[in-house]
Amino acid sequence: MTTAIAQGAETSGDGQPTGKRSARRLLGLLPGAVAALVTVAALLAHGTPGRDVALFAAYVALALTLPGTLLWRALTRLRLPVAVDLAAGTAVGYALECFTYMAARAAGQPRLAVLGPALTVVAFAAVPRLRRHWRSGHRPRVPLPHGLAIAAGFCFLVVSSALTVFRGHGLTPPANLGPYVDMPFHLALVGELRHHMPPTIPEVAGQPLSYHWFVYSDMAAASWATGIEPETLLYRLSVLPMLAVFTVLVPAVGHLVTRSWTAGALALAATYLLAPPDPYAWSPGAFAFGPLTPGLAWLSPTQTFGAAVFSALAVLVGALLRDGGRRLLVPVALLLALVAGAKATYVPLLLAGVCLVAAADWLRTRRVDRDLLMLGGLTLATLAFAQFVLFGGAAQGVRVWPLFTAIEMASRWPTRADIDGLPWAVAGVCAAFLLAWAAMWAGAFGPRRRPGSGPDRALTLFLGVGLASLGVVLLLGQPGLGQLYFLTAARPYLWIVAVAGLVAALRPAPPRLRPVLAVAAGAAGAGVLALVRAAGDPAPPRLDPPGGAGFGWAFVLPFVPLALLTGGLALALALRRVPWRRAALLWLVTGLSVPSAFATVRSDLTPAVPRPQEIPAEGVAAMRWLRAHSDPADLLATNAHCRPGPRRRCDSRHFWISAYAERRVLVESWGYTARNMAALEDINRQPMTGLPFWDAGLLAANDAVFTAPTERDVRLLKERYGVRWLVADRGDRVQVSPRLDAYAVRRYSDGPVTVYEIV
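A few points on the structure.

Describing helix H25 (residues 581-590)
For H25, the tally of buried residues reaches seven of 10 residues, placing the bulk of the element in the interior. Each element contacted by the buried residues of H25 is listed here: helix H12 (261-273), helix H19 (423-440), helix H21 (484-505), helix H22 (513-535), helix H24 (559-576) and helix H26 (594-604).

See below:
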């Protein structure tokens, strides 16, 4: 996907001499060449086999970008820069790949999934009317400085990923034995999609998979096509083209609605670097609403995949609101279907944005155009299909729980306070959230250019997306703070709205003064925040038992000096009556978030500290032996259900057996199942990983085979539940009876891990 960045500064045919055009084309390849070199160097330096890097690059280029770009051009007929074509085309390529793979996997021939991209390329080569889509023609170009800026942003993501993710997630033991807790969960789902369609939860046999799983079908398809290990795809390769798509398309969407590549690049930088202003001297980063970090991109591949696909959908929606054209509804429907299974979080947010545009149109003209109604209908139908068919109506622990986020955030601060019974405390924390958000996205209060125009309607839609995400964070709760993913999803588009307002506010200023004014005002805002923090109380707030009012005020009061200082500067500007005073004020308030950028860069470039080992040193090899010597339809049973840790509580997020064996397990882990989430009664106090398994009889029958086996117990597992293999882990908190050898055949043993076959 770095080729998309490379093409970002390609020149169009403009009548210049051939030599000069060729030189500009070569210069335009510089950003992509640098991005490609940095990416390859980071991968090779962190143990990625060169063969896998080359195979994956060829797969992305030939099976995703090429057929997807041809389809994108044929379906949309938009004249966009080649970079945008390639990036959006890759998103369409993901749709072609995923849906083709699902059909091929259901038919039992997963390797045939490559026929979809191959037949697409053949059709565009053989049909005369389609051949013109191979040529780029005279298209607009991304200016070289902005192409370099986009490439620099991508390189930052790659370097940060190498330092914070690659270092902590090796590809061979012992470097891969202490991963982030969710990574084996993702790996198990890749294995599930490699062998089964439709998929289920691999850690509890028979449980439906009520989770966003399309990204795992992408990795499964790539694994079958290239022979690359799923672990290498998950830990090193698959996220990179998704990041490239997102990195190219967010500035493209910004340019679409502002006509400024500078605005688009600023929106991308703000998305990755800026966090809400934190005026508290006692707790840097108190809000935990930080920017989109590279770590999150890898640790939540569903979010990254959804972000990449939705950014292409945002290009289509922006073009639809700008120019109309029902032909765009076909690719819109295709990408909506993909985003529903990639990260359905985006679908209700888009619906909220469409509703806001419809309301604004009705108030202004007393009519709503048909294209917008059709877009809303498609979005609503997709939402219903995703919720009731794809995910079976499961809520994954999401509840209507007003102010739950404030309660959870306060409980993580140095107070370690339980504030859910103190309404004034919760109200104060929520007020602090609202003030910080308003300051960070102050540009949203900037002027609009042409009310009711295409760009204005797109900004209104993105504003609706952002407001809906803020409402979700305030009104809903989920035990794993999953409601924050709504805000994560909306951040780029809120920043596009904010940056559009900031840029529009600068127009009254002379062109040469604009960059100086923006930098000076932003620096002043950063200075104001530094003064407030320096003068603040370094001691964390404490609860006020009579109602928590004092605790709540402790979060609101630091915003008072911020308001006084910025208000004083605003008054001084107003008294001078300069035409650019509104721009100065908006950039000043936005500048309050600038210090967070330095903290973000420092954090993202700090090498990861190795995590404690959770997987036995011999476990990976044992499960890969089992994968090689068993059938994908075989069912396993294991005595390992809890992560290493205190014995007083079982953290049921234990995934490595199903992850590396790529086989379903009778009972391994139940922490992330929809049934376990639904059993939570008080998500403030009940950890989602601490509930016991809901079928005590099944768990007892499973564990009895390992702790006190009898021939009857072993036969019960085989005949009633269909278990063929037993994986015994003689870890520090589980026991295995030596009598098990009398009832099952020992096939593999190394260290604490032994594999038995029931014959």
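A closer look at the nonpolar core
Ranked by internal contacts, the top residues of the largest apolar core, which has 236 residues, are Leu249, Phe305, Met623 and Leu726. Top element by residues in this core is H21. It accounts for 16 residues. In this structure Leu249 touches Val84, Ala87, Ala88, Ala308, Ser311, Ala312 and Val315, once residues within four positions along its chain are discounted.

Quick notes on the sheet that holds strand S4 (residues 664-665)
Spatially, S4-S3-S5-S7-S6 is the arrangement adopted by the five strands of the open sheet, whose pairing is mixed. Of all strands in the sheet, those bounded by a partner on one side alone are S4 and strand S6 (745-750). Contacts between helix H31 (residues 711-721) and the sheet are confined to strand S3 (635-638) and strand S5 (723-729), with S5 contributing the most and set at about 135 degrees to the helix.

Section: the side chain of Thr638
As for its placement among the helices and strands, Thr638 is situated in strand S3. For Thr638, a relative accessible area of 0% gives the class buried. Here the side chain of Thr638 touches Val727 through a polar contact of 2.9 Å, landing on its backbone oxygen. Residues in contact with Thr638, not counting those within four places in the same chain, are Ile657, Val665, Val667, Glu668, Asn702, Asp703, Phe706 and Val727.

Description of the pattern of salt bridges
Taken as a whole and judged by the stated rule, the model has 22 salt bridges. For Arg457, the salt bridge identified is with Asp369, shortest N-O distance 2.6 Å. Pair noted here: Arg457 is in helix H20 (residues 454-475) and Asp369 is in the loop between helix H16 (346-365) and helix H17 (370-390), with a separation of 88 residues, a long-range link. The closest approach of N and O atoms between Asp741 and Arg746, which form a salt bridge, is 2.9 Å. We classify Asp741 as partly exposed; its relative accessible area is 32%. Among the residues examined, Arg746 registers a relative accessible area of 39% and is labelled partly exposed.

Some points on the state of the cysteines
In protein structure, a disulfide is the covalent linkage between the sulfur atoms of two cysteines. Under the defined criterion, the tally for this structure stands at one disulfide. One disulfide bridge connects Cys642 with Cys650, the sulfur atoms lying 1.9 Å from each other. The disulfide joining Cys642 to Cys650 has a torsion of about -100 degrees about its S-S bond and is therefore left-handed. Owing to a relative accessible area of 21%, Cys642 belongs among the partly exposed residues under this scheme.

Re the packing of aromatic side chains
Here the structure, examined in full by the defined rule, presents 23 aromatic pairs. A ring pair is formed by Tyr94 and Phe305, whose centres lie 5.1 Å apart and whose planes are at 85 degrees; its orientation type is edge-to-face. Placement of Tyr94 in helix H5 (residues 82-106) and of Phe305 in helix H14 (residues 301-323) is noted, with a sequence separation of 211 residues between them. Grouping residues by exposure puts Tyr94 and Phe305 together as buried. Over the face of the ring belonging to Trp224 we find Arg194, whose NZ or CZ atom lies 4.5 Å from the ring centre. A cation sits over an aromatic face here: Lys343 above Tyr485, 4.6 Å from the ring centre.

Section: the pairing of strand S7 (residues 753-757)
Of all five residues making up S7, five are buried, and the element is well covered by its neighbours. Burial of S7 is two-sided: the residues Val753, Val755 and Glu757 facing one way and the residues Thr754 and Tyr756 facing the other way are all buried. Two elements, S5 and S7, share five bridges in a ladder whose sense is antiparallel. Counterpart to Val727 in the pairing with S7 is Val755. The pairing of S6 with S7 spans five bridges and is classified as antiparallel.

Notes on H31
Asp713, Val714 and Leu717 are the residues of H31 that are buried. The buried residues of H31 occupy an angular sector of 105 degrees when projected down its axis, which confines them to one face. Pointing more than 90 degrees away from the buried face of H31 are the exposed residues Glu711, Arg712, Glu719 and Arg720. Close packing links the buried residues of H31 with S3, helix H30 (696-707) and S5. After H31 finishes, the residue Gly722 shows a positive phi value of roughly 80 degrees.

Criteria and cut-off values
- Residues numbered from 1 in each chain as written.
- Predicted model: local features only at pLDDT ≥ 70, side-chain atom pairs only at ≥ 80, totals over all residues.
- Heavy atoms only, no water.
- Buried < 20%, exposed > 50% of the residue type's maximum accessible area, 1.4 Å probe, protein only.
- Helix = DSSP H or I, 4+ residues; strand = E, 2+ residues; numbered from the N terminus.
- Contact = heavy atoms within 4.5 Å.
- Core = buried A, V, L, I, M, F, W, Y, C linked by side-chain atoms within 4.5 Å.
- Pairing = 2+ DSSP bridges.
- Axes fitted to C-alpha atoms, helices over the stretch in contact; angles between N-to-C directions.
- Polar contact = N/O pair within 3.5 Å; in protein donor to acceptor, adjacent residues only side chain to side chain.
- Salt bridge = Lys/Arg side-chain N within 4 Å of Asp/Glu carboxyl O.
- Disulfide = S-S within 2.5 Å.
- Phe/Tyr/Trp six-rings, centres within 6.5 Å; stacked < 30°, edge-to-face > 60°.
- Lys NZ or Arg CZ within 6 Å of the ring centre and 35° of its normal.
- Arc of directions from axis to C-beta.

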